[in-house]
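# Observations on the three-dimensional arrangement
Below, each chain spelled out in residue letters.
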Amino acid sequence: MMVIVMKHLLTGRSIQFQLALRCISTQSLRFSRLAEVGKLEAPKIQGKYDTGQLFLHRVFGYRGVVLFPWLARVYDRDIPNTQSPPIKTEVDTGAEAPSGNVGKEVKGTTHTFYQVLIDSRDCPFIRAQTEAVTFLGNQDSSRSLYAIPGLDYVAHEDILPYSSPEKTPLHHELFDKFLTYQPERDPPFEAQDTLRAWQKKNHPWLELSDVHKETTEGVRVTVIPFYMGCRETPAASVYWWRYCIRLENLGELSVQLRERHWRIFSLSGTLETVRGRGVVGQEPVLSPRLPAFQYSSHVSLQAPSGHMWGTFRLEREDGHTFDCRIPPFSLESKPDDGGTSPPEENA
């Protein structure tokens, strides 16, 4: 059903379009229904989308609205480095990395990403965690990990803008708290003071700074790390990060994620190896029809910085198995306002 949308988009015209929601079964069209959501607009090649812009996600297909932009450094290991000076995205830890690719120098380029709200009606049908934006509780007695549902980070090229005549076109509990309808504006939704205050207060754990990409045998892995805070104890300081990972199958044959293998290096000198089945309790299949899967996890170090890298073991539908490289990325801390408490999960 989403293919219909994409074919229409390729005509380059502003047209009425429909978004398919799988209601009962993904195997049969008779259990699907179509819902009109608005009119497509031409994607922006230059410039940025404004706060309040409605869009479809090019990969996951959900409806969303732009809250505000972030500027990030993108390190794409698939692009030959022809410029100088290069930027190292990994250090020599003295240990052999599973990918054999640690230490490769990659040039970072500045790119626009957006903080967005996801329409709650679409959450059951997308292959991405919709509670992936997490932060640590700042109460001394709390060991909780908090999540804000329906938040995501979207690259500029994944935004497919559309307009809608509805005053509340997106279903999310924060939509009316963050945005107000202004029919004379384009887009007709303006940021409220509550959105500006929320961004200012929470930017330390919302802010996106680095994005890392690498492709192996037609499967692209994108990693975005976020610093979450430090928990101070009389014995030690424990630093926490979350990282968001997207796997995308660019080939014609389906692949299934079977295992993960992480190497985690801390500035304190420790090197940890983590192996396990699947990711977040799943072994997702990446097919031509549903090519992408996105999830988040967390890691802690007893040092203010470190690095991670690794591989995913993937099995193709023809029986071929291979290790898909996870691009190495830095874990860097930031000034912290106070002690926070860590979650209970790791890698």
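Residues numbered from 1 in each chain as written. Predicted model: local features only at pLDDT ≥ 70, side-chain atom pairs only at ≥ 80, totals over all residues. Heavy atoms only, no water.

## Some details on the overall build of the protein chain
Across its full length, the protein chain holds three helices and 22 strands. Looking at the protein chain as a whole, 50% of its 347 residues qualify as buried. Long-range pairs, those at least 24 residues apart, make up 68% of the contacts in the protein chain between residues at least 6 apart in sequence. As displayed, the protein chain has an accessible area near 16700 Å², and 49% of this comes from carbon and sulfur atoms. (Helix = DSSP H or I, 4+ residues; strand = E, 2+ residues; numbered from the N terminus. Buried < 20%, exposed > 50% of the residue type's maximum accessible area, 1.4 Å probe, protein only. Contact = heavy atoms within 4.5 Å. Areas by Shrake-Rupley, 256 points an atom, 1.4 Å probe, with all protein chains shown as cover.)

## Considerations on the pairing of strand 16 (residues 237-249)
With 12 of its 13 residues buried, strand 16 lies for the most part within the structure. As defined by bridge partners, strand 15 (residues 219-232) adjoins strand 16 across 13 bridges and the pair is classed as antiparallel. Paired with Tyr227 across the bridge in strand 16 is Trp241. Joining the antiparallel neighbours strand 15 and strand 16 is a turn of four residues. (Pairing = 2+ DSSP bridges.)

## A look at the side chain of Gln294
Within the element layout of this structure, Gln294 appears in strand 20 (residues 292-301). The exposure class assigned to Gln294 is buried, which follows from its relative accessible area of 5%. Side-chain polar atoms of Gln294 contact the side chain of Arg246, separated by 3.3 Å. (Polar contact = N/O pair within 3.5 Å; in protein donor to acceptor, adjacent residues only side chain to side chain.)

## Comments concerning helix 3 (residues 193-206)
The axis of helix 3 is deflected most strongly, by about 45 degrees, at Lys200, and proline Pro204 appears within four residues downstream. Those residues of helix 3 that sit buried are Leu195, Trp198, Asn202, Trp205 and Leu206. (Bend = angle between axes of the 7 residues up to and from the residue.)

## Focus: the environment of Ala197
Examined against the element boundaries, Ala197 turns out to sit in helix 3. Accessibility expressed as a relative area gives 47% for Ala197, which makes it partly exposed. Placed 19 residues apart in sequence, Ala197 and Phe178 show a C-alpha to C-alpha distance of 9.8 Å.

## Describing the packing of aromatic side chains
In this structure the tally under the stated criterion is 14 aromatic pairs. Measuring from ring centre to ring centre gives 5.7 Å for Tyr181 and Phe189, while their planes differ by 55 degrees; the resulting arrangement is tilted. Under the relative-accessibility criterion, Tyr181 is labelled partly exposed at 29%. Under the relative-accessibility criterion, Phe189 is labelled buried at 1%. Ring pairs connect the aromatic residues Phe68, Trp70, Phe178 and Trp198, which therefore count as one cluster. One Lys or Arg, Arg242, reaches over the ring of Phe226 and ends 4.1 Å from the middle of that ring. (Phe/Tyr/Trp six-rings, centres within 6.5 Å; stacked < 30°, edge-to-face > 60°. Lys NZ or Arg CZ within 6 Å of the ring centre and 35° of its normal.)

## Some remarks on the nonpolar core
Membership of the largest hydrophobic core comes to 35 residues, with the highest contact counts inside it found for Leu206 and Leu208. In terms of residues, this core owes the most to one element, strand 4 (residues 63-76), which gives six residues. Sequence-distant contacts of Leu208, defined by excluding residues within four places in its chain, comprise Trp70, Leu71, Ala72, Phe113, Tyr153, Ile224 and Phe226. Counting residues in each nonpolar core, the second largest holds 29 residues, with Tyr227, Cys230, Ile264 and Leu286 among its members. (Core = buried A, V, L, I, M, F, W, Y, C linked by side-chain atoms within 4.5 Å.)

## So, the pairing of strand 18 (residues 271-277)
Bridging between strand 17 (residues 255-266) and strand 18 involves seven bridges; their strand directions are antiparallel. Pairing of Ile264 across the sheet is with Glu272, part of strand 18.

## Some remarks on the confidence of the model for the protein chain
Of all residues in the protein chain, 77% attain a pLDDT of 70 or more, and the chain-wide mean is 82. Below pLDDT 50 for its whole length, residues 1-30 participates in 55 contacts with residues either more than four positions away or in separate chains. Confidence drops under pLDDT 50 across residues 84-103; counting only partners more than four residues distant or on other chains, this segment forms 49 contacts. (pLDDT = per-residue confidence, 0-100.)

## Quick look at the environment of Thr222
When you line up the elements, Thr222 lands in strand 15. Separated by 105 residues in sequence, Thr222 and Pro327 have C-alpha atoms that sit 7.8 Å apart. The residues contacting Thr222, other than those within four sequence positions of it, are Val211, His212, Lys213, Cys244, Ile245 and Arg246.

## Points about the environment of Val116
As for its position among the elements, Val116 is in strand 7 (residues 108-118). The exposure class of Val116 is buried, given its relative accessible area of 0%. Spatially, the C-alpha atoms of Val116 and Phe68 are 7.4 Å apart, while their sequence positions differ by 48 residues.

## Description of the side chain of His156
Positionally, His156 belongs in the loop between strand 10 (151-155) and strand 11 (159-163). We classify His156 as buried; its relative accessible area is 11%. Among the polar contacts made by the side chain of His156, one reaches the side chain of Tyr114 at a distance of 2.8 Å. For His156, the contacting residues outside a window of four places in its chain are Lys44, Ile45, Gly47, Lys48, Tyr49, His111, Thr112 and Tyr114.

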